[in-house]
Amino acid sequence: MAQQTKCRKKTEARREAILDAALEEFAAKGYAGARMEDIARRAGVAKGTLYLHFGDKEGLFNGLAESAFAPMHSLAKEILDDKTPTLREKLLRFCGPMLDEQGCSRTARIIRLVWAEGLHNPKLVAPFYHGLVAPILELHRENLRLAAHEHPHPALQRFPQLLVSPIMQGLARDVQGQGPARREGTVYRLSRHYPAGKIRDLCIRQAAAPPEAPGGCRKRVPAETWGFHAGNAVRLP
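Overview of the structure. (Residues numbered from 1 in each chain as written. Predicted model: local features only at pLDDT ≥ 70, side-chain atom pairs only at ≥ 80, totals over all residues. Heavy atoms only, no water.)

Remarks on empty space enclosed by the protein
Taken as a whole, this structure holds two cavities of 30 Å³ or more when the rule is applied. Computed from the structure, the second largest cavity encloses a volume of approximately 50 Å³. The set of elements that each furnish at least two residues to the lining of the second largest cavity consists of α5 (87–103) and α7 (122–146). Counting residues per element, the lining of the second largest cavity draws most heavily on α5, at four residues. Its residues placed into classes, the lining of the second largest cavity shows five nonpolar, two polar and one charged. (1 Å grid on protein atoms, 1.4 Å probe; cavity = no way out; pocket = protein on both sides within 12 Å on 5 of 7 lines; lining within 4 Å. Points joined across faces, edges and corners; volume = space filled by probe spheres on them. Helix = DSSP H or I, 4+ residues; strand = E, 2+ residues; numbered from the N terminus. Nonpolar A, V, L, I, M, F, W, Y, C, P; charged D, E, K, R; others polar.)

The structure is reproduced here in structure tokens:
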């Protein structure tokens, strides 16, 4: 039993080392530019070990995304089961892992990476969106239903993604090449200085005025079909 536990911990440590190396390589070179041999070298493992754990580069990218968003899904379920906090308190608790280290936490970096790659390769992030993000949004929708006595704006019930979109936009601004100091200031202002009413007003404006389609098209489309990436509108997969 002790030997099995030791082997399991060793396997988990190797997997975490691979994911950490993948994050650095994907962040530096993008999904298309990152090479499996460079990730293996950075992780200190043989190239075949990557394929053993993740199958291929897409599987490795999905594993990295899941390592951030699966815990967020578990946290969202845990928050939903706790009927004591207010909606604002639940939101702040959910956003905590994204805002750790002034928005430069591992979770925040993975979110920025996934959002950035989604701009160029929607098919890459489509399974991740439907398998992880969409269920999280449904949990937010249920939290809003339970908080009806707090009178949240009706648009938030229809489009629960707007509940966290101000925070997400603050995190995603780095996709546009914003420097760390300014990015951290943006995240800090969003997370610490905006009262609940201000966040609600931001969400209402987004719900009332769906963004332009990419390429300058001004045709209005249902807001639920859009995601917000660094202030730009991108159709969700």
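Comments concerning the nonpolar core
One broad rule of soluble globular proteins: the nonpolar side chains tend to lie buried together. Counting residues in hydrophobic clusters, the biggest one holds 57 residues, and the most contacted among them are Phe 26, Leu 60, Phe 69, Phe 94 and Phe 128. Within the residue set of this core, elements represented by two or more residues are α1 (2–33), α2 (36–43), α3 (47–54), α4 (57–81), α5, α6 (106–120), α7 and α9 (165–172). Here the element with the most residues in this core is α4; it accounts for 11 residues. Residues within four places of Phe 94 in sequence aside, it is in contact with Met 72, Leu 75, Ala 76, Ile 79, Ile 136, His 140 and Val 164. (Core = buried A, V, L, I, M, F, W, Y, C linked by side-chain atoms within 4.5 Å. Buried < 20%, exposed > 50% of the residue type's maximum accessible area, 1.4 Å probe, protein only. Contact = heavy atoms within 4.5 Å.)

Describing the pattern of salt bridges
Side chains that differ in charge, positive against negative, can pair when their charged atoms come close. In the structure shown here, the tally under the stated rule is 13 salt bridges. For Arg 106, the salt bridge identified is with Asp 20, shortest N-O distance 3.2 Å. Residue Arg 106 is located in helix α6, and its partner Asp 20 is located in helix α1; the two are separated by 86 residues in the primary sequence. We classify Arg 106 as partly exposed; its relative accessible area is 28%. (Salt bridge = Lys/Arg side-chain N within 4 Å of Asp/Glu carboxyl O.)

Some details on the packing of aromatic side chains
To describe a pair of aromatic rings, one takes the distance between the centres and the angle between the planes. Taken as a whole, this structure holds four aromatic pairs when the rule is applied. When the centroid spacing of 6.3 Å and the interplanar angle of 5° are considered together, the rings of Phe 69 and Trp 115 count as stacked. Placement of the pair is Phe 69 in helix α4 and Trp 115 in helix α6, with a sequence separation of 46 residues. (Phe/Tyr/Trp six-rings, centres within 6.5 Å; stacked < 30°, edge-to-face > 60°.)

Considerations on the side chain of Asp 38
Structurally, Asp 38 is set in helix α2. With a relative accessible area of 9%, Asp 38 lands in the buried category. There is a polar contact of 3.0 Å between the side chain of Asp 38 and the side chain of Arg 35. Among all residues touching Asp 38, those that are not within four sequence positions of it are Glu 25 and Lys 29. (Polar contact = N/O pair within 3.5 Å; in protein donor to acceptor, adjacent residues only side chain to side chain.)

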